[in-house]
Amino acid sequence: MALRVAPWGSGFGDGSEAAPLDSVDDALGRVADAGGGQILLSAGSWEVGLDIGGSHGDLLLAGRCPELSALTGVPGAETLHLRGGGPTLRDLSVVGGEPAISISGQVPAHVRVRMERVAVRESLDYGVLAVGTGADLTLLDCTIADTGFGAQRFGDGLEIAFGATVEANHLHITGAAGFGVMVFGNQTTTLLAEDLEVIDASDAGLSSQGSGATVELHGGRISSPTPPEDGEAAGV
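Residues numbered from 1 in each chain as written. Predicted model: local features only at pLDDT ≥ 70, side-chain atom pairs only at ≥ 80, totals over all residues. Heavy atoms only, no water.

A.B. asks: I'd love a proper account of the packing of aromatic side chains, names of residues and values included.
C.D. replies: Applying the stated criterion across every chain yields a total of two aromatic pairs. With a centroid separation of 5.4 Å and an interplanar angle of 90 degrees, the aromatic rings of F162 and F184 are classed as edge-to-face. Residue F162 is located in the loop between β13 (156-161) and β14 (165-174), and its partner F184 is located in strand β15 (residues 179-184); the two are separated by 22 residues in the primary sequence. Geometry around F149 places R153 over its ring, the cationic atom sitting 4.2 Å from the centre. (Phe/Tyr/Trp six-rings, centres within 6.5 Å; stacked < 30°, edge-to-face > 60°. Helix = DSSP H or I, 4+ residues; strand = E, 2+ residues; numbered from the N terminus. Lys NZ or Arg CZ within 6 Å of the ring centre and 35° of its normal.)

A.B. asks: Describe the sheet that holds strand β7 (residues 80-82), naming the residues involved and giving the relevant values.
C.D. replies: Pairing is parallel in the open sheet, where seven strands are placed in the order β4-β7-β9-β11-β13-β15-β17. Since the sheet does not close on itself, it has two edges, and those belong to β4 (50-52) and β17 (204-209), each with one partner. Taken over all neighbouring pairs, the strand axes of this sheet differ in orientation by 10 degrees on average, direction set aside. Looking at chain direction, strand β9 (residues 101-104) and strand β11 (residues 126-131) are connected through four bridges and run parallel. Counterpart to I101 in the pairing with β11 is V128. (Pairing = 2+ DSSP bridges. Axes fitted to C-alpha atoms, helices over the stretch in contact; angles between N-to-C directions.)

A.B. asks: Talk me through the side chain of T72; I want residue IDs and the actual numbers.
C.D. replies: Inspection of the secondary structure puts T72 in strand β6 (residues 69-72). The buried category is assigned to T72, whose relative accessible area is 18%. (Buried < 20%, exposed > 50% of the residue type's maximum accessible area, 1.4 Å probe, protein only.)

A.B. asks: Just give me the short version of the nonpolar core, but keep the residues and values in it.
C.D. replies: In terms of nonpolar packing, the biggest core is built from 53 residues, with I101, I103, M115 and L158 touching the most fellow members. Sequence-distant contacts of I101, that is, excluding residues within four places in its chain, are made with L80, L82, L89, V94, M115, V120, G127, V128 and L129. (Core = buried A, V, L, I, M, F, W, Y, C linked by side-chain atoms within 4.5 Å. Contact = heavy atoms within 4.5 Å.)

A.B. asks: Residue-level account of the environment of T147, with values.
C.D. replies: Within the secondary structure, T147 is located in the loop between β12 (135-145) and β13. Each C-alpha atom of the pair T147 and D125 lies 6.7 Å from the other, and the pair is 22 residues apart in sequence. Beyond its immediate stretch of four places on either side in the chain, T147 contacts S123, D125, Y126, G127, G155, D156, G157, G175, A176 and A177.

A.B. asks: Describe helix α1 (residues 24-34), and please don't skip the residues or the numbers.
C.D. replies: All of the buried residues along α1 are V24, A27, L28 and V31. Down the axis of α1, the buried set is contained in an arc of 100 degrees. They therefore lie on one face. Considering only its buried residues, α1 is in contact with β1 (2-5), β2 (38-41), β3 (44-47), β4 and β6. The N-terminus of α1 is capped by S23, whose side-chain oxygen sits 3.2 Å from the backbone nitrogen of D25. Immediately beyond the C-terminal end of α1, within one or two residues, lies G35, with a positive phi of roughly 80 degrees. (Arc of directions from axis to C-beta. Polar contact = N/O pair within 3.5 Å; in protein donor to acceptor, adjacent residues only side chain to side chain.)

A.B. asks: Any chance you could break down the pairing of β12 for me, citing the residues and the numbers?
C.D. replies: With nine bridges connecting them, strand β10 (residues 111-121) and β12 associate as parallel partners. Bridged to R112 within β12 is D136. As judged from the nine bridges shared by β12 and β14, these two strands associate in the parallel manner. Within the sheet, the bridge partner assigned to C142 lies in β14 and is L171.

A.B. asks: How would you sum up the environment of Q187? Please name residues and give values.
C.D. replies: Residue placement: Q187 occurs in the loop between β15 and β16 (189-199). Given a relative accessible area of 37%, Q187 falls into the partly exposed group. Non-local contacts of Q187, meaning those with residues more than four positions away in its chain, are made with Q106, T133, F162, G163, G212 and A213.

A.B. asks: Residue-level account of the pattern of salt bridges, with values.
C.D. replies: For the coordinates displayed, the defined rule picks out seven salt bridges. For the salt bridge of D51 with R83, the shortest nitrogen-to-oxygen distance reads 2.8 Å. Note that D51 is positioned in strand β4 and R83 in the loop between β7 and β8 (88-95), a separation of 32 residues in sequence. Of the residues examined, D51 reaches a relative accessible area of 35% and is grouped as partly exposed. Across the pair E116 and R90 runs a salt bridge, and its minimum N-O distance is 2.8 Å. Of this pair, E116 sits in strand β10 while R90 sits in strand β8, and the two are 26 residues apart along the sequence. The exposure class assigned to E116 is buried, which follows from its relative accessible area of 10%. R90 sits in the partly exposed class, given a relative accessible area of 27%. A single salt-bridge network, built from bridges that share partners, covers R90, R114 and E116. (Salt bridge = Lys/Arg side-chain N within 4 Å of Asp/Glu carboxyl O.)

Printed below as a string of structure tokens:
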């Protein structure tokens with residue numbers, strides 16, 4: 001099943017190219033009923049608060065490109081919560097939200113998320129948050145920019161916590177009010193990254209805390225930390 005969504009679509013459409021839907025939520029419900037499928041976004045912007053779980057199967061949610069297709073959130077709510085199945089996000093922007101993207105999975109449940117050419121920006125507390133022993137995230141050619149302080153006062157670009165695993169290739173993070181990347185937990189919590197670039201994170205570019213935290217880096221750059229007015233900053 002492939003459903004197209006466009007601003008000029010209709011709730012009465014069938015999701016075809018000739019009769020697209022106008023709502024991402026509507027398309028997501030139809031994918032859940034089918035046990036999986038594709039949601040293809042035209043150029044446009046949609047305000048959402050999506051909850052994606054196992055009933056959506058190996059969902060593909062794809063836009064035209066990050067400059068043209070955007071999912072936007074609001075303060076105080078997650079823009080995307082991914083908690084089951086094997087969803088792929090591709091060629092789109094996720095803007096705002098608190099956080100923008102939350103990924104949670106606890107064994108025996110698993111969620112395996114893949115993000116390709118996704119731009120996350122202007123969210124609060126976290127750009128991307130991956131939590132739990134059943135949470136696996138792969139990031140390819142993604143950016144996380146301008147993460148600010150929310151209600152929890154974190155401001156981290158990417159946080160990996162309590163057993164989650166993240167593999168990243170060509171990940172660029174800039175403008176985090178807290179840490180660029182935080183790896184945290186007493187369980188095995190892992191970041192494997194190639195060509196990671198972190199610029200202008202206020203607390204530190206990269207922080208690893210807890211007896212189970214593992215970080216493996218190949219190439220990349222962590223530079224130009226900007227100290228907060230009341231503290232100090234470090235690269236790592």
